[in-house]
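Coordinate inspection notes
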Amino acid sequence: MDNALWLNERELACVEKISKDASNEGIMLDFSCPGNAVIPELLNAELKNRDGRGHFVGDYMQTLTYHPGKKSVTTSIMTSKLDETLALQNPYSLILGMFLSAKAISANEIILFVGEDNQFIAQMLNIRIKQLEKMGYFKSYMVDFCVIPIKEEDIKYSQDLSLLSNYKESLSQARSPYQGVEEMWENSKHFILNVETFLNISLIIRNGSGWYKRSGKESNYGSKIFYVRYKEDGCLIEVDMGSTLSEMMVKIEEKINIPQKYVLQIGGNLGCYIKQSQLELEIDFNSFIDAGLLLGAGTVEVFESEKKARKKMESSVLKSHENSCGKCSVCREGTKRLGELVVNNSSSDGLHCFEKINYLGEAIRNSSLCGYGKMAINMIVSAANNQYKV
Amino acid sequence: MENINVTINKQNYTASEANTILDICQKNNIDIPTLCHHPDLRSEGNCRMCVVEVKGERDLVASCNMKASNGMIIETGSSKVLKSRKATLELLIANHPNDCLTCDRTSGECKLQDLCYQYDVTRSEQILDTLEQPKMMDLSSPSIERDLSKCIVCGKCIRVCRETQDIGVYQYQERGFKTVVSTKGHEPLIDTNCINCGQCVKVCPVGALIEKQEIRKVIDALRDPEVHLVVQTAPAVKHTIGELFGMAPGEDVSGKLNSALKKLGVDKVFSTDLAADVTIMEEGMEFIQRIEGKGKMPMFTSCSPGWIKYVENEFPQFLDNISTCKSPQQMLGALSKSFYAQKNHVDPHKIFNLSIMPCTAKKYEAQRKEMAVNEIRDVDAVLTTRELARLIKLEKIPFKQLRDETYDDFLGEHTGAARIFGTSGGVMEAALRSVAWTLTDGVLEDIDYEKVRGLENVKEADLEIAGMKLKIAVVNGTAAARRLLEKIESGEKEYHFVEVMGCPGGCINGGGAPLQDSMATVKKRMEGIYRMDKNAELRRSHENPLVNQIYETYLGEPGGVKAHKLLHTH
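No experiment lies behind these values; they were computed from the predicted model shown.

In terms of helices and strands, chain B carries 19 helices and 20 strands. The globule rule puts the C-alpha radius of gyration for 570 residues at 25 Å, and the 25 Å found for chain B is close to it. In terms of its C-alpha atoms, chain B occupies a principal-axis envelope of roughly 75 × 55 × 50 Å. Relative to its full complement of 570 residues, chain B shows a buried share of 64%. Put simply, 72% of the contacts in chain B that link residues at least 6 apart link residues at least 24 apart.

What follows is about the overall build of chain A. Looking only at helices and strands, chain A has 16 helices and 13 strands in total. On C-alpha atoms alone, chain A measures out to a radius of gyration of 21 Å, which is about the 21 Å that the 2.2 N^0.38 rule sets for 390 residues. Considered along the principal axes of its C-alpha atoms, chain A spans approximately 70 × 45 × 40 Å. By sequence separation, contacts in chain A at least 24 residues apart represent 73% of the contacts at least 6 residues apart. Accessible area for chain A stands at about 14800 Å²; split by element, carbon and sulfur atoms hold 47% of it. Charged side chains in chain A number 44 positive and 49 negative. The centres of these two groups are separated by 2 Å.

Our next topic: helix 5 (residues 81-89) of chain A. Among the residues of helix 5 of chain A, those classed as buried are A:Leu82, A:Asp83, A:Glu84, A:Thr85, A:Leu86 and A:Ala87. For helix 5 of chain A, the N-terminal capping position is held by A:Ser80, with its side-chain oxygen 3.2 Å away from the main-chain nitrogen of A:Leu82.

Within the largest apolar cluster, 139 residues are counted, with the highest numbers of intra-cluster contacts made by A:Leu94, A:Leu112, A:Phe113, A:Phe191, A:Phe226 and A:Met248. If we ignore the near neighbours within four places in the chain, the residues touching A:Leu94 are A:Ile77, A:Ala87, A:Leu112, A:Leu125, A:Val195, A:Phe198 and A:Leu199. If you look at the next biggest cluster of nonpolar residues, it comprises 57 residues, including B:Tyr119, B:Tyr172, B:Val201 and B:Leu209.

Here the focus is the interface of chain B and chain A. With 39 residues of chain B at the interface, the matching set in chain A holds 39 residues. Between chain B and chain A, a total of about 3400 Å² is buried, with carbon and sulfur atoms accounting for 53% of that surface. Considering only the side of chain B, the residues that lose the most area to chain A are B:Leu91, B:Arg175 and B:Phe177, jointly responsible for 23% of the buried surface there. The interface formed by chain B and chain A contains five salt bridges. Among the ionic pairs, B:Arg48 bridges to A:Glu169, the shortest N-O distance being 2.9 Å. For the pair chain B and chain A, the number of links is 21 residue pairs in polar contact (both at pLDDT 80 or more). When residues of the side of chain B that touches chain A are traced back to their parent elements, those giving at least two are strand 4 (61-62), helix 2 (79-93) and strand 8 (170-173) of chain B. The element best represented in the side of chain B that touches chain A is helix 2 of chain B, accounting for nine residues. Residues of the side of chain B that touches chain A, tallied by class, amount to 17 nonpolar, nine polar and 13 charged.

Now for a negative patch on the surface. Taken together, A:Glu116, A:Asp117, A:Glu152 and A:Glu153 make up a surface patch of like negative charges. Among the structural elements, A:Glu152 can be located in the loop between strand 3 (144-150) and strand 4 (165-166).

Another point: the confidence of the model for chain A. In this model, chain A carries a mean pLDDT of 86, and residues with pLDDT of at least 70 account for 90%. Low pLDDT, under 50, characterises residues 1-25 of chain A; the predicted model gives this stretch 53 contacts beyond four residues in sequence or across chains.

Take the packing of helix 3 (residues 35-45) of chain A against helix 4 (residues 57-66) of chain A next. All names here are of chain A. Running from N to C, helix 3 and helix 4 cross one another at 150°; their axes reach a closest spacing of 8 Å. The angle between helix 3 and helix 4 falls in the class roughly antiparallel. Helix-helix and strand crossings are classified by hand; for helix 3 and helix 4 the assignment is left-handed. Between helix 3 and helix 4, the contacting residues are Val38, Ile39, Leu42 and Leu43 on the first element and Val57, Gly58, Asp59, Met61, Gln62 and Thr65 on the second. The class makeup of the residues in the contact of helix 3 with helix 4 is six nonpolar, three polar and one charged.

To continue, consider the sheet that holds strand 12 (residues 268-271) of chain B. All names here are of chain B. The parallel open sheet is built from four strands, whose spatial order is 12-11-14-17. At either margin of the open sheet sits one strand with a lone partner, and together these are strand 12 and strand 17 (381-384). Each adjacent strand pair in this sheet contributes to an overall mean axis angle of 25°, direction not counted. In this structure, strand 11 (residues 228-233) lies alongside strand 12, joined through four bridges in parallel fashion. Residue pairing in the sheet places Thr233 in a bridge with Ser271 of strand 12. On the sheet, helix 6 (residues 215-223) packs against strand 11, strand 14 (351-357) and strand 17 and is oriented at approximately 120° with respect to strand 17.

This paragraph deals with the pattern of salt bridges. All names here are of chain B. Using the criterion set out here, one finds 63 salt bridges over all chains in the structure. Between Asp273 and Lys238 there is a salt bridge whose closest N-O contact spans 2.6 Å. Taken together, the residues span a long stretch of sequence, with Asp273 in helix 9 (residues 272-291) and Lys238 in helix 7 (residues 235-238) at a distance of 35 residues. Taken as a pair, Asp273 and Lys238 share a single burial class, namely buried. In this structure, Lys262 and Asp408 form a salt bridge, with 3.8 Å as the shortest nitrogen-oxygen distance. Taken together, the positions of Lys262 in helix 8 (residues 254-264) and Asp408 in the loop between helix 13 (385-394) and helix 14 (416-419) put the pair 146 residues apart, joining distant regions of the chain. By relative accessible area, which is 17% here, Asp408 ends up buried. Through salt bridges with shared partners, a single network forms among Glu429, Arg433, Asp448, Glu450, Arg453, Asp533 and Arg539.

Quick look at the domain arrangement of chain A now. All names here are of chain A. Segmenting chain A into domains produces domain 1 (9-214), domain 2 (222-304) and domain 3 (317-390). The C-alpha centroid of domain 3 is placed 23 Å from the C-alpha centroid of domain 2. Buried area between domain 2 and domain 3, summed over both chains or domains, comes out near 780 Å², and the portion from carbon and sulfur atoms is 63%. Of all residues in domain 2, Leu270, Cys272 and Ile289 bury the most surface against domain 3, accounting for 54% of the area lost on that side. At the junction of domain 2 and domain 3, the tally comes to zero salt bridges. Counting across the interface, domain 2 meets domain 3 through one residue pair in polar contact (both at pLDDT 80 or more). Of the residues assigned to the side of domain 2 that touches domain 3, the class counts are seven nonpolar, three polar and no charged.

Residues and elements named next belong to chain A. Look at helix 13 (residues 306-319): 20 Å from first C-alpha to last across 14 residues, which is about the 20 Å you get at 1.5 Å a residue. Residues Ala309, Met313, Glu314, Ser316 and Val317 constitute the buried set of helix 13. Buried residues of helix 13, seen end-on, are gathered within an arc of 160° and therefore sit on one face of the element. Exposed side of helix 13, more than 90 degrees from the buried face: Lys307 and Lys311 are the residues found there.

The next point concerns the domain arrangement of chain B. One widely used convention gives an interface's size as the accessible area the parts lose upon coming together. Residues and elements named next belong to chain B. On domain assignment, one finds that chain B holds domain 1 (3-93), domain 2 (134-211) and domain 3 (216-567). Measuring from the centre of the C-alpha atoms in domain 2 to the corresponding centre in domain 3 gives 28 Å. Counting residues at the interface gives 20 residues for domain 2 and 28 residues for domain 3. Interface area, domain 2 with domain 3, both sides summed: about 1800 Å², of which 47% is carbon and sulfur. Three residues stand out in domain 2 for area buried against domain 3, namely Ile195, Lys202 and Glu211, and they jointly supply 37% of the buried area on that side. Put simply, domain 2 and domain 3 have two salt bridges between them. A salt bridge links Glu211 to Arg386, with the nearest nitrogen and oxygen atoms 3.3 Å apart. Linking domain 2 with domain 3 are 17 residue pairs in polar contact (both at pLDDT 80 or more), by the criterion used here. Among the elements of the structure, helix 4 (156-164) and helix 5 (199-203) are those that each provide at least two residues to the side of domain 2 that touches domain 3.

How two aromatic rings sit relative to each other is given by the distance of their centres and the angle of their planes. Residue and element names in this part refer to chain A. A complete count under the given rule lists 18 aromatic pairs over all chains for this structure. Consider the rings of Tyr60 and Tyr167, whose centres lie 5.1 Å apart with planes at 25°: the pair is stacked. Here Tyr60, found in helix 4, pairs with Tyr167, found in the loop between strand 4 and strand 5 (172-173); they are 107 residues apart in sequence, far enough to count as distant. Directly above the ring of Phe226 sits Lys224, whose terminal nitrogen or CZ lies 5.7 Å from the centroid.

On to unusual backbone geometry, then. B:Met297 connects to B:Pro298 through a cis peptide bond whose omega is -5°. Positionally, B:Pro298 belongs in the loop between helix 9 and strand 13 (299-300). Although it is not a glycine, A:Ser106 adopts a positive phi angle of roughly 55°. For A:Ser106, the position within the fold is in the loop between helix 6 (91-105) and strand 2 (109-115). Residue A:Ser106 is classed as partly exposed on the basis of its relative accessible area of 43%.

Each value, and the rule that gives it
Residues numbered from 1 in each chain as written. Chains lettered and ligands numbered in written order. Predicted model: local features only at pLDDT ≥ 70, side-chain atom pairs only at ≥ 80, totals over all residues. Heavy atoms only, no water. Helix = DSSP H or I, 4+ residues; strand = E, 2+ residues; numbered from the N terminus. Rg over C-alpha atoms; globule rule 2.2 N^0.38 Å. Buried < 20%, exposed > 50% of the residue type's maximum accessible area, 1.4 Å probe, protein only. Contact = heavy atoms within 4.5 Å. Areas by Shrake-Rupley, 256 points an atom, 1.4 Å probe, with all protein chains shown as cover. Lys, Arg positive; Asp, Glu negative; His and termini not counted. Charge placed at Lys NZ, Arg CZ, Asp CG, Glu CD. Polar contact = N/O pair within 3.5 Å; in protein donor to acceptor, adjacent residues only side chain to side chain. Core = buried A, V, L, I, M, F, W, Y, C linked by side-chain atoms within 4.5 Å. Buried area = accessible area lost by both parts, 1.4 Å probe. Salt bridge = Lys/Arg side-chain N within 4 Å of Asp/Glu carboxyl O. Nonpolar A, V, L, I, M, F, W, Y, C, P; charged D, E, K, R; others polar. Patch = residues over 30% accessible without salt bridge, like charges linked within 9 Å, V, L, I, M, F, W, Y side chains within 5 Å. pLDDT = per-residue confidence, 0-100. Axes fitted to C-alpha atoms, helices over the stretch in contact; angles between N-to-C directions. Parallel < 35°, antiparallel > 145°, perpendicular 65-115°, else oblique. Left-handed = near helix turned anticlockwise from the far one by under 90°. Pairing = 2+ DSSP bridges. Domains from an automatic or database assignment. Expected span 1.5 Å × (residues − 1). Arc of directions from axis to C-beta. Phe/Tyr/Trp six-rings, centres within 6.5 Å; stacked < 30°, edge-to-face > 60°. Lys NZ or Arg CZ within 6 Å of the ring centre and 35° of its normal.

Listed below in structure tokens is the structure:
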């Protein structure tokens, strides 16, 4: 399924066709898909949320359908190069994925939070939405689209937004990730996915769950897209779920120059680092969680030395609590205190510290309210493992 | 709702599919610890203490927030669960002042301390160093003290203030580790729209929110031989304070309470109930006058100081609709420093009026500018039910074993009508009993007005008295009051008389009542009050011989000049 998303030929064809022909039946058919057909198709496809936790999107949607109050379909395009590039290259698929989700759960609105630096994307999305609306593509379901620009100083949370919900626990949500939109955030239950997952929804509805399940491996179908960066160079790479990291790196080497010896930091600010000797790790949710890596954020940074990777990771570990919304006790207290244990006590009290981190970390990472706490604690515990384990 | 079957700790249970795992466990006496959960509030799952293991789930789940489903297999005490709970406590106490010796929440009132004992979280084996706690005190409010350093960010005060009371004084502030529950812009409480109801104090699981402490002031007065200490006890206190000594909710412990107060060394024990009967005389007269066109309609009751503050803050356009009567607390204060002082040749300046109330807002009310006559304060100190119980324990008085004693003469006699002031609907019912009797010259003898009873937030009734059709409403909790006021303002609803209590359920659920209760406990308190009323010899306020004597020998007519000066705010 190489290039299925970010260079999706049909998407590109659609862009051309839409601008020329308002009555493109193929595209219209996608938008006209009945809401009640969406969830069964996603459940058949066993699509998992690309946020790192790997929950079934169909289950998440189903929970939302029973919620009687206000509902929003929400995503964000903030600091992630992956979100930014995917949205730029697949605006119609993104809009389609969100529109179909809104139909499926009977949402009242569709919200796209877009960072101030990505105002071009905000404008582009607004134009596309108006274009589609004018051409009657949204006739099958009335829903409000809101593209909301967020100033840099208002960003209180800089990770994958989709981590901020727990649909199993009465659709609990963390506090508003951005200042100035608190009311909008709190007055609604959000169906939050990242851009990549919404694009997957579009693909599955267009091509069917059978097609989708032809790639990937059992329990981890489909593909995963990463943004790989080395110094100033960067590129997108799409690999089937179940591939190994070494297979991914072979593809990368064809696209950008990377050093012969390197260490990878996977998952942006919430990911640990991995050495070349560990590259046989399979790309799937459980393997990544066990290794302390975050599959969701999709950012892979290539470092020449472990020292540099560790320095970056330590900075992330110390700052991780700043992203915590502070409501959930273990995330609020744990990310800060355990992070300090990892970084500050490494020299004097190493082994004892390691035991403490493992004891507290293991105990609390499974109990935090939303995905952020789980991922941040997971990263800290893995950092401790990297730090202290021989 | 259909029934489901679940397995908890290898035992099978049948429950409704609407239940959370916590609901089912609590119904079946399976202990699950909680810090942020309250049965009357929406669950948020913040504290993570109630986590349990559900088969098939990778992570632990918060039982307060997770709906049970058919076939679910749950473990509430596995090693994974216990380890997680202990770790959560370790994290919380490592960021807590741990000044338990001097904290107000002692003797089982601090849930954090209880759980640390239960889960064997000890200082000696503490895993993390305790952080230095800067004191973050807010003592600005006349009713509530805040110590942010003790706050564990459970969020219950936010929910009760926003959702139950519709005020929203508190909110989460800052992010991450610095997160605190504070007021908007960290304003002192006195500068916010807080109505002093103390519902936040009631739900706080630790000592971060407590009532304004006045015990020391009272002890000083008790020890001063120059002071003539007069105490009054509110109706609801008599049916709630027993809980703090292991007695059943709703049990009338007036006799033991009188005895305990005398053992503490007070000079006279009076009953606020007497003033409640006087209130009915005054408020009833005012209502009749308003019906006759002398004043704005509908008339609102004025007994609840939280409610008065709410109208001042949010709906000042309705201020003239509120009865000008002082509350029973202030009336009794004024009468004891005038009527009682005069008849017993006591210098009113030497009288220290202590009031025992189920309410934190009464502390604020006692300090209001208009609550004085000739610059003599009506009431000098207000203790909540909890504070008095603490004082009794401090003095080692064996409350449960005490013999019943009566009130002192002059301001002690009361009726069943006065006692029901303690519950939502009580003021209205007491007023109706006397107004109906007065307007029909004793022909209409209705005593029990069932339509205004109960804990529902809004109760309405249409009545016909002496050919007059009256529309009345009874509201409790300011969230419900807001909805009603908006309807009155828009013309959607019209009433003649409206009783409003600031706290949900009325005074039996006041901010000064015993802690960690729920509406289930409140219901038992209410039942106790109605039992007392039913068995009372006198059930109408105007039948109280002492009330009649006060009017005949001192006040003159209800609503007269002297009564107005002493017993009304303006």
